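Observations on the model geometry
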Amino acid sequence: MSADQFAHKPPTGINVIIVGAGFGGLTAAIECHRQGHTVAIYENFPALKSLGDIISFGPNGGRIFYRWGNQGSIAQRMRDVSIDLQEYGFNIHKWTGELVCNQKSPPRVEESPVFNGHRGELHEIVFRHATEELGIPIHLGSKVVGYFEDETSAGIELEDGRRVTGDVVVGSDGVRSKARELVLGYDDKPKSSGYAVFRAWFPNTDMIADPETKHFCENGDTFNGWIGPDVHFLFSTIKGGSDCCWVLTHKDEADIDESWSFPGKLEDVYKVFEGWDPLCKRIVSKTPESHLVDWKLVYRDPLPTWISPKRRIALLGDSAHPFLPTSAQGATQSMEDGVTIAVCLRKAGRKNVQEAVKAYMDIRYDRVKDVQKTGETTRDMWHKADWDKVKEDPSAVHFPRQDWIFEFDAEKHAEEVYDDVVQKGRESKDAPATEAKINGGGVGEASVVNGVSGTNGHV
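Note that the structure is a prediction, hence the values are computed from the model and not measured.

**Topic: the sheet that holds strand β7 (residues 138-139)**
As summarised here, the arrangement of the 5 strands in space is β7-β2-β1-β11-β18, forming an open sheet in which the pairing is parallel. The sheet is open, and its two borders are formed by β7 and β18 (313-315), each paired with just one other strand. Here strand β2 (residues 38-42) pairs with β7 via 2 bridges, running parallel. Following the sheet pairing, Ile-41 is matched in β7 by Ile-138.

**Observations concerning the environment of Lys-391**
Structurally, Lys-391 is set in helix α11 (residues 387-392). A sequence separation of 290 residues divides Lys-391 from Cys-101, and the C-alpha atoms of the two residues are 9.7 Å apart.

**Here we look at the side chain of Gln-329**
Position of Gln-329 among the secondary structure elements: in the loop between β18 and α9 (330-348). There is a polar contact of 3.0 Å between the side chain of Gln-329 and the side chain of Asn-60.

**Quick notes on the sheet that holds strand β8 (residues 144-149)**
Read from one edge to the other, the open sheet built from 3 strands follows the order β8-β9-β10, with strand pairing classed as antiparallel. Each edge of the sheet is formed by a strand with only one pairing partner; in this case those strands are β8 and β10 (163-166). Strand-to-strand twist across the sheet, computed as the mean angle between neighbouring axes with direction ignored, equals 20 degrees. As defined by bridge partners, strand β9 (residues 154-158) adjoins β10 across 4 bridges and the pair is classed as antiparallel. Its bridge partner being in β10, Glu-157 is matched across the sheet by Arg-163.

**Here's the deal with the packing of aromatic side chains**
Taken as a whole and assessed by the stated rule, the structure comprises 14 aromatic pairs. Measuring from centroid to centroid gives 5.9 Å for Phe-65 and Phe-115, while their planes differ by 70 degrees, and the two rings are edge-to-face. Of this pair, Phe-65 sits in helix α2 (residues 59-66) while Phe-115 sits in strand β6 (residues 115-118), placing them 50 residues apart in sequence. Both residues of the pair, Phe-65 and Phe-115, count as buried. The structure contains a cluster of three or more aromatic residues connected by ring pairs, namely Phe-23, Phe-57, Phe-65, Trp-68 and Phe-115. Over the ring of Tyr-270 we find Lys-281, and its NZ or CZ is 4.7 Å from the ring centre. Positioned above the aromatic ring of Phe-408 is the side chain of Arg-367, whose terminal nitrogen or guanidinium carbon lies 3.7 Å from the ring centre.

**Regarding the environment of Lys-143**
Mapped onto the fold, Lys-143 is located in the loop between β7 and β8. In the structure, Lys-143 is positioned 17 residues away from Asp-160 in sequence and 8.2 Å away in space, judged by C-alpha atoms. Aside from chain neighbours lying at most four places away, what touches Lys-143 is Asn-44, Glu-157, Leu-158 and Glu-159.

What counts as what
- Residues numbered from 1 in each chain as written.
- Predicted model: local features only at pLDDT ≥ 70, side-chain atom pairs only at ≥ 80, totals over all residues.
- Heavy atoms only, no water.
- Pairing = 2+ DSSP bridges.
- Helix = DSSP H or I, 4+ residues; strand = E, 2+ residues; numbered from the N terminus.
- Polar contact = N/O pair within 3.5 Å; in protein donor to acceptor, adjacent residues only side chain to side chain.
- Axes fitted to C-alpha atoms, helices over the stretch in contact; angles between N-to-C directions.
- Phe/Tyr/Trp six-rings, centres within 6.5 Å; stacked < 30°, edge-to-face > 60°.
- Buried < 20%, exposed > 50% of the residue type's maximum accessible area, 1.4 Å probe, protein only.
- Lys NZ or Arg CZ within 6 Å of the ring centre and 35° of its normal.
- Contact = heavy atoms within 4.5 Å.

Note that every value here comes from positions in space, so none of it alone points to a role or purpose.
Okay, structure coming up:
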């Protein structure tokens, strides 16, 4: 596709309502704007807040960011606050301390950059682009309590009693989405995955004061991982070593309900590190306990469909397909969703919105299912590593970088396959929309979530 094919398209007359202003919702809004639709976002949070810690976007997400703004201006702003591992790479250690290997960073590609940075800082760049540069209305403090649809329209009901109607509604409000209930016809409850994550982001003050840890903060950005049975610990320094962040994934059988994110305790982290390289505990000890989060990883049953009965409401991102953190693709896949539905709506036109909504799911469903599985396989590759084999081939514990995931161009793909997908849908219109997919199996444990709207994607 030529550069002009990625430019803003003429108005379509399609009115899109998006619920949720996370990365998935913002991407859907920006892409709908690019494709010529009228779009508005309704977000429960009353104000923009710089929440969270590290989040990752693969090159398939970077390719989307690069097309925003002028000559990659949005991508450049994100690069300025993201980790730079071109020189350092990824040091992978055995849990006892031995350095197994250094996984080199791939060459940087300007048109498809990779970003790892603070969720709140990167989110603010995208949020400002949507509101201040594109003029997309984002209604903060707007709690959605209900959804409705008929054959000709769809809409949302707000807590204050207002009803907003459009041609299509995109539910991008996370795993607790009200739209999810409408699509399924019931409220599916979360279940324990058997794993939890401790995570933190903090300044380097105490790290740099300790002779045994200061080297992590005096030599630019760094990325180190320690891998052990059923546990892995990832530690990064960022912004030239001024900020530190870490993630510890471990077994956890806690009985959870809807509230699965808690203040963490350092003493609980230390218990996980018993028998481990003492450097891991030393790094963690520099964390202000107020910056520590205990995140219970939960999952929900796979969804047989992402779209409502009348095909005017579609789920996107975590609302439709939560990811394991070890996929490092949750946020990026929600972006691919946003690109795809925007393209489908333009190609269908206002008279065929329902056709576009179904095509969106049909285009995305199998790819998302396959990418979800990588979170489980990567986790198991580390947690169940055969260290004798790793000694012979250290690349066996490299973080996977599959071309079929990273080289994917969501916009180009949707443009190319839309007509064929629609035609196949028409030919099988008498069959249930997702019968083949249901019979083909669900996504199993790969439907694990981090517990917030918009996946916080550090591996």
